[in-house]
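# Observations on the three-dimensional arrangement
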Amino acid sequence: MGTGATAGPSFRAGERVYRADTCGPLRAAAARGEVRLAALARGGYPGKRLPAGMLPEVRSVGWWDAPEPQSWGLGWHRNEGIELTYVSRGKTGFALDDRTFLLTRGDLTVTRPWQEHRVGDPEIGACRLYWLILDVGVRRPNQVWRWPRWLLMREQARERLSELLRHDEQPVWSATEAVGVAFERLGRLVEEPFDSTTDARLELRVNELLVELLRMLEMRDVALDRNLTSSRRSVEVFLDHLARQLDQPWTLERMAGECGLRRSQFAAYCRELTNASPHAYLRRTRLALARQLLRERRDLTVTDVAYACGFSSSQYFATAFRKDVGVPPSAYRIASG
């Protein structure tokens, strides 16, 4: 089975480039013989290469079987499409945003495009896990999903599936038996050699899974939140993850570009969410990280901390820090023990 180590797809938001995960730890574990892996994939995902014209929206589909707890995990990452996973045996950790879960037999996860998540806690447990990553053509929460033309549902059913998946915040479900069977059928298919019917059978199996997913959600009490796909939500997601990107040279224009908004729109949402202007919130977040690094990273110099937090110079950092905290960075470090 080929592994395919090329870079994953990406998109640019402002000046920042987001790249899809390539599942490097999974690929390495399979090469070491620690897990069994069967997958069809394109781009940077591991697995047997899908031909260019075969259901191009399918980015990755397959399963792994970990017979014992692993020493690796799939850390915080994003995927370009909607990702569905299903645990048929065993258990493993899963996290999305600030929530953590223990997935056990029969659990299904739903991760929206480019939503940050982690599989493992942080290592993978002993489990068999199936997955499907399907590109629906979006790069931000407020964009409309575009399902593949080969999806057999009528337009009304497609719109209903989009509505249920885009506007629901629940990432983990107890799957119906039919959803589990659909995953297992997909899993058997990816192990088979290609022939003249592979594309038709793959199309059929993905359609079966999505139909059963829609039936499952229709039977459940799904609480819909329209704010999940609003421009405000795009800003909220960006601000939530800003602390992990503080070393970037952020400007108002760049921050607005990340969210696909005009500067005035972005600034208004930022004030609504944080009670601060974008520049004030950025400065506040950088100084909060600086205080943490000064306390916890004694191996870093004050200058190292300044640059790690995105300040353009140690002098500017020292001035801003003293104005905010009341003492210079070096004195704060000494006082914090």
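Residues numbered from 1 in each chain as written. Predicted model: local features only at pLDDT ≥ 70, side-chain atom pairs only at ≥ 80, totals over all residues. Heavy atoms only, no water.

### Description of the overall build of the protein chain
- Assigned secondary structure in the protein chain consists of 11 helices and 12 strands.
- Judged by the C-alpha coordinates and their principal axes, the protein chain covers about 70 × 45 × 35 Å.
- Buried positions account for 50% of the 337 residues belonging to the protein chain.
- Sequence-distant contacts in the protein chain: of pairs separated by 6 or more residues, those separated by 24 or more amount to 70%.
- Here the protein chain displays about 16000 Å² of accessible surface, and carbon together with sulfur accounts for 48% of that area.
- With 50 positive and 42 negative side-chain charges, the protein chain shows a separation of 5 Å between the mean positions of the two kinds. (Helix = DSSP H or I, 4+ residues; strand = E, 2+ residues; numbered from the N terminus. Buried < 20%, exposed > 50% of the residue type's maximum accessible area, 1.4 Å probe, protein only. Contact = heavy atoms within 4.5 Å. Areas by Shrake-Rupley, 256 points an atom, 1.4 Å probe, with all protein chains shown as cover. Lys, Arg positive; Asp, Glu negative; His and termini not counted. Charge placed at Lys NZ, Arg CZ, Asp CG, Glu CD.)

### What about the environment of S330?
- Among the structural elements, S330 can be located in helix α11 (residues 329-335).
- When the C-alpha positions of S330 and L294 are compared, they lie 8.2 Å apart, and in sequence the two are 36 residues distant.

### Focus: the confidence of the model for the protein chain
- Chain-level statistics for the protein chain give a pLDDT mean of 87 and a share of 91% at 70 or above.
- Here residues 1-19 is a poorly scored stretch, pLDDT under 50, and it has 63 contacts once near neighbours within four places are set aside; other chains count. (pLDDT = per-residue confidence, 0-100.)

### Notes on the packing of aromatic side chains
- Going through the model one piece at a time under the given rule, you end up with 12 aromatic pairs.
- Look at F238 and W250: their rings are 5.3 Å apart centre to centre, the planes differ by 80 degrees, and that puts the pair in the edge-to-face class. Of this pair, F238 sits in helix α5 (residues 231-241) while W250 sits in the loop between α5 and α6 (252-258), and the two are 12 residues apart along the sequence.
- Overall, the relative accessible area of 5% leaves F238 in the buried class. (Phe/Tyr/Trp six-rings, centres within 6.5 Å; stacked < 30°, edge-to-face > 60°.)

### Concerning helix α4 (residues 198-219)
- Compared with the 32 Å implied by 1.5 Å per residue over 22 residues, the 32 Å span of α4 between its first and last C-alpha is a close match.
- Among the residues of α4, T198, L202, V206, N207, E208, L209, L210, E212, L213, L214, M216 and L217 are the ones counted as buried. (Expected span 1.5 Å × (residues − 1).)

### Topic: the packing of helix α7 (residues 263-274) against helix α8 (residues 278-296)
- Where α7 contacts α8, the two axes come as close as 9 Å, and the packing angle between them is 50 degrees. Overall, the two elements α7 and α8 adopt an arrangement that is oblique. When α7 is examined against α8, the residues F266, A267, C270 and T274 are found in contact with a partner set consisting of P278, Y281 and R284.
- For the contact of α7 with α8, the class distribution of residues is 5 nonpolar, 1 polar and 1 charged. (Axes fitted to C-alpha atoms, helices over the stretch in contact; angles between N-to-C directions. Parallel < 35°, antiparallel > 145°, perpendicular 65-115°, else oblique. Nonpolar A, V, L, I, M, F, W, Y, C, P; charged D, E, K, R; others polar.)

### As for the packing of α8 against helix α10 (residues 314-325)
- Between α8 and α10, the shortest axis-to-axis distance is 11 Å and the interhelical angle comes to 90 degrees. The orientation of α8 with respect to α10, classified from their angle, is roughly perpendicular. Contacts from R283, L287, A290, R291 and L294 of α8 reach α10 at F317, A320, F321, K323, D324 and V325.
- Of the residues that constitute the contact of α8 with α10, the class distribution is 7 nonpolar, no polar and 4 charged.

### Quick look at the side chain of T85
- Mapping T85 onto the fold places it in strand β7 (residues 82-96).
- Judged by its relative accessible area of 5%, T85 falls in the buried class.
- Within the structure, the side chain of T85 is placed 2.4 Å from the side chain of T109, a separation counted as a polar contact.
- Every residue in contact with T85, bar those within four places of it in the chain, is listed here: D107, L108, T109, L129, Y130, W131 and F183. (Polar contact = N/O pair within 3.5 Å; in protein donor to acceptor, adjacent residues only side chain to side chain.)

### As for the nonpolar core
- Among the nonpolar cores identified, the biggest contains 42 residues, and L108, L202 and L210 are the most heavily contacted of them.
- For this core, the secondary structure elements donating two or more residues are β3 (36-41), β5 (58-66), β7, β9 (107-111), β11 (127-134), α2 (155-166), α3 (177-191) and α4.
- At 8 residues, the largest contribution of residues to this core is made by α4.
- In terms of nonpolar packing, the next biggest core, distinct from the first, is built from 29 residues, V235, M255, L287 and L293 among them. (Core = buried A, V, L, I, M, F, W, Y, C linked by side-chain atoms within 4.5 Å.)

### Thoughts on the environment of A243
- Tracing the backbone shows A243 in the loop between α5 and α6.
- Considering only alpha carbons, one finds A243 and L74, 169 residues apart in sequence, at a separation of 21 Å.

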